[in-house]
Amino acid sequence: MNLKNANVLITGGSLGIGKATAMLLKEHGANIAITGRNKDRLDKAAKEIGAIAIQADAGNEADIKKTFEELSSHWDRLDVLVNNAGIGKHSALAEVTSKEFTDVFNVNVLGAALYAREAAEWFKKQNSGNIINIASTSGLKGYETGTMYVASKFALRGMTECWRAELRRYNVRVTLVNPSEVTTAFGNPQGVERPDEPKKLRSMEIAHVIKSVLEIDDRGFVTDATVFATNPW
Ligand SMILES: NC(=O)c1ccc[n+]([C@@H]2O[C@H](COP(=O)([O-])OP(=O)(O)OC[C@H]3O[C@@H](n4cnc5c(N)ncnc54)[C@H](OP(=O)(O)O)[C@@H]3O)[C@@H](O)[C@H]2O)c1
């Protein structure tokens with residue numbers, strides 16, 4: 001696809017991977033809308049990017065519907081949904097609580113599905129569209145303390161295959177992107193980004209992968225892209 005004048009919605013676009021992707025796609029001519037919960041952070045990022053800001057919690061269905069209502073007052077089509085908003089909670093199996101499990105699934109799984117459901121309505125009418133699901137290498141392999149987060153990313157990987165099977169006939173390309181460790185603010189409630197470490201991944205590496213995946217001619221698509229740091233030790 002051509003990014004010039006493409007309309008791109010990025011959930012969780014006020015920090016980290018979402019923000020870097022918004023900046024890069026904007027630089028290449030796309031129109032961007034970003035979501036996030038913290039209004040100050042969202043407005044600041046939107047100003048910096050030159051994006052539409054929509055305050056919305058990906059764990060809240062009413063907010064997801066509101067996102068598309070607001071979008072329709074700006075745009076008459078949508079070309080890309082980047083399902084990026086995600087939260088991580090880690091604890092040993094013995095410490096898993098229903099509340100934390102549900103919180104993670106509400107955002108990482110149900111939120112992503114509801115964003116995709118709404119976007120798919122636009123895509124089917126247009127007979128075109130793209131969904132990029134930001135999962136994780138935690139969606140490929142489990143580890144100690146990963147029950148809630150790992151399960152949510154495995155679920156996102158599974159849903160990616162379902163949406164691809166349903167939407168491919170409408171020319172919708174559905175891609176899973178699996179970052180490994182990226183030095184963002186992930187897990188920091190204050191939103192303070194980790195300092196850059198030269199051997200670790202930055203959000204920009206993931207943004208470049210997303211851009212490349214989108215820019216492939218519409219006749220083809222990438223199913224999954226997993227991104228590791230070359231030599232993080
Ligand atoms: N960083 C890594 O090492 C890593 C590795 C693999 C996968 N990932 C995945 O990459 C995605 C982005 O992570 P990141 O590292 O860029 O995180 P981040 O720096 O913490 O940024 C997360 C962004 O999502 C927003 N967000 C969080 N919860 C939200 C919600 N319920 N509704 C709407 N927006 C929400 C945040 O803004 P507000 O807090 O204001 O809402 C922020 O803009 C996540 O899905 C994560 O699982 C990250």
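An account of the accompanying structure is given in this report. Residue indices begin from 1 for each chain and proceed along its sequence in written order. Given that the model is predicted, a residue must reach a pLDDT of at least 70 before its local features are reported, and side-chain atom pairs must reach 80 or more before they are shown or counted; all residues, however, enter totals for whole chains, interfaces and linings.

1. Some points on the overall build of the protein chain
Using the following cut-off: For the purposes of this entry, the term helix denotes a DSSP run of H or I that reaches at least four residues, the term strand denotes a run of E that reaches at least two, and both are numbered from the N terminus. Throughout, the radius of gyration refers to the C-alpha atoms, and the reference size of a globule is 2.2 Å times the residue count to the power 0.38. Counts of 20 or more other C-beta atoms within 10 Å of a residue's own C-beta define buried residues, counts of 12 or fewer define exposed ones, and intermediate counts define partly exposed ones; C-beta atoms are placed from the backbone.
When helices and strands are counted, the protein chain shows six helices and seven strands. Going residue by residue from the N terminus, the α and β elements of the protein chain occur as β-α-β-α-β-α-β-α-β-α-β-α-β. What you see for the protein chain is a C-alpha radius of gyration of 17 Å, in line with the 17 Å of a compact globule of 233 residues. Overall size of the protein chain, expressed as C-alpha extent along the three principal axes, is 50 × 35 × 35 Å. Looking at the protein chain as a whole, 43% of its 233 residues qualify as buried.

2. Brief notes about helix α6 (residues 203-215)
The following threshold applies: Given a helix with a known number of residues, its expected span is that number minus one, times 1.5 Å. Contact definition: two residues whose C-beta atoms, as placed from backbone geometry, lie within 7 Å.
Taking 1.5 Å of rise per residue, the 13 residues of α6 would be expected to cover 18 Å, and the 19 Å separating its terminal C-alpha atoms lies within 8% of that figure. Those residues of α6 that are buried are in contact with α1 (16-27), β4 (80-83), β5 (129-134), β6 (172-179) and β7 (224-227).

3. What about the pairing of strand β1 (residues 7-10)?
To keep things clear, this is the line we draw: Strand pairing is assigned whenever DSSP identifies at least 2 bridges connecting the two strands. Handedness of a crossover is defined as follows: orient the strands so they point away from the viewer, and if the path from the first strand over the helix to the second runs clockwise, the crossover is right-handed.
Across four bridges, the pairing between β1 and strand β2 (residues 31-36) is parallel. Each bridged residue has a counterpart across the sheet, and for Ile10 the counterpart in β2 is Ile34. Following the chain from β1 across α1 to the adjacent parallel β2, one finds a crossover that is right-handed. The pairing of β1 with β4 spans three bridges and is classified as parallel. Each residue of the ladder has a partner; that of Leu9, found in β4, is Leu81.

4. Examining the packing of helix α4 (residues 98-126) against helix α5 (residues 147-167)
We count it as follows: Between the N-to-C directions of two axes lies an angle of 0 to 180 degrees, each axis being a line fitted to C-alpha atoms and, for a helix, fitted only over the stretch in contact. Orientation categories follow fixed angle ranges, with anything under 35 degrees roughly parallel, anything over 145 roughly antiparallel, 65 to 115 roughly perpendicular, and all other angles oblique. Should the near helix be turned anticlockwise from the far one by less than a right angle, the crossing is left-handed, and should it be turned clockwise, the crossing is right-handed. Each residue is assigned to one class: nonpolar for Ala, Val, Leu, Ile, Met, Phe, Trp, Tyr, Cys and Pro, charged for Asp, Glu, Lys and Arg, and polar for all the others, Gly among them.
Between α4 and α5, the shortest axis-to-axis distance is 9 Å and the interhelical angle comes to 15°. Overall, the two elements α4 and α5 adopt an arrangement that is roughly parallel. You can see that α4 and α5 cross each other, and the crossing is right-handed. Facing α4, whose interface residues are Glu100, Phe101, Val104, Phe105, Asn108, Val109, Ala112, Ala113, Ala116, Ala120 and Phe123, α5 presents Met148, Tyr149, Ser152, Lys153, Ala155, Leu156, Met159, Trp163 and Leu167. Across the contact of α4 with α5, the residue classes break down as 16 nonpolar, two polar and two charged.

5. Some remarks on the site of the ligand
Test applied: For each residue, a C-beta atom is positioned from the backbone; the residue is called near a molecule or strand if that atom sits within 6 Å of it.
Around the ligand, 30 residues are found, and the nearest of them are Gly12, Gly16, Arg37, Asn38 and Gly86. Elements with a contribution of two residues or more to the shell around the ligand: α1 and β2. In terms of residues, the shell around the ligand owes the most to one element, α1, which gives three residues. Considering only residue class, the shell around the ligand consists of eleven nonpolar, 15 polar and four charged.

6. Some points on the nonpolar core
Short version of the rule: Here a nonpolar core is just a set of buried residues of the types Ala, Val, Leu, Ile, Met, Phe, Trp, Tyr and Cys, joined wherever their C-beta atoms sit within 7 Å.
Ranked by size, the top nonpolar core spans 63 residues in total, and within it Ile32, Ile34, Leu81, Ala119, Ile206 and Ile210 carry the most contacts. The element that contributes the greatest number of residues to this core is α4, accounting for eleven residues. The contacts of Leu81, once residues within four sequence positions are left out, are Leu9, Tyr115, Ala116, Ala119 and Ile131.

7. Things to note about the packing of helix α3 (residues 61-72) against α4
Two elements in contact, α3 and α4, have axes separated by 10 Å at closest approach and are oriented at 30°. In this view, α3 runs roughly parallel relative to α4, as classed from their interaxial angle. Helix-helix and strand crossings are classified by hand; for α3 and α4 the assignment is right-handed. On α4, the residues touching Glu61, Ile64, Lys65 and Phe68 of α3 are Gly111, Leu114, Tyr115 and Glu118. By residue class, the composition of the contact of α3 with α4 is four nonpolar, one polar and three charged.

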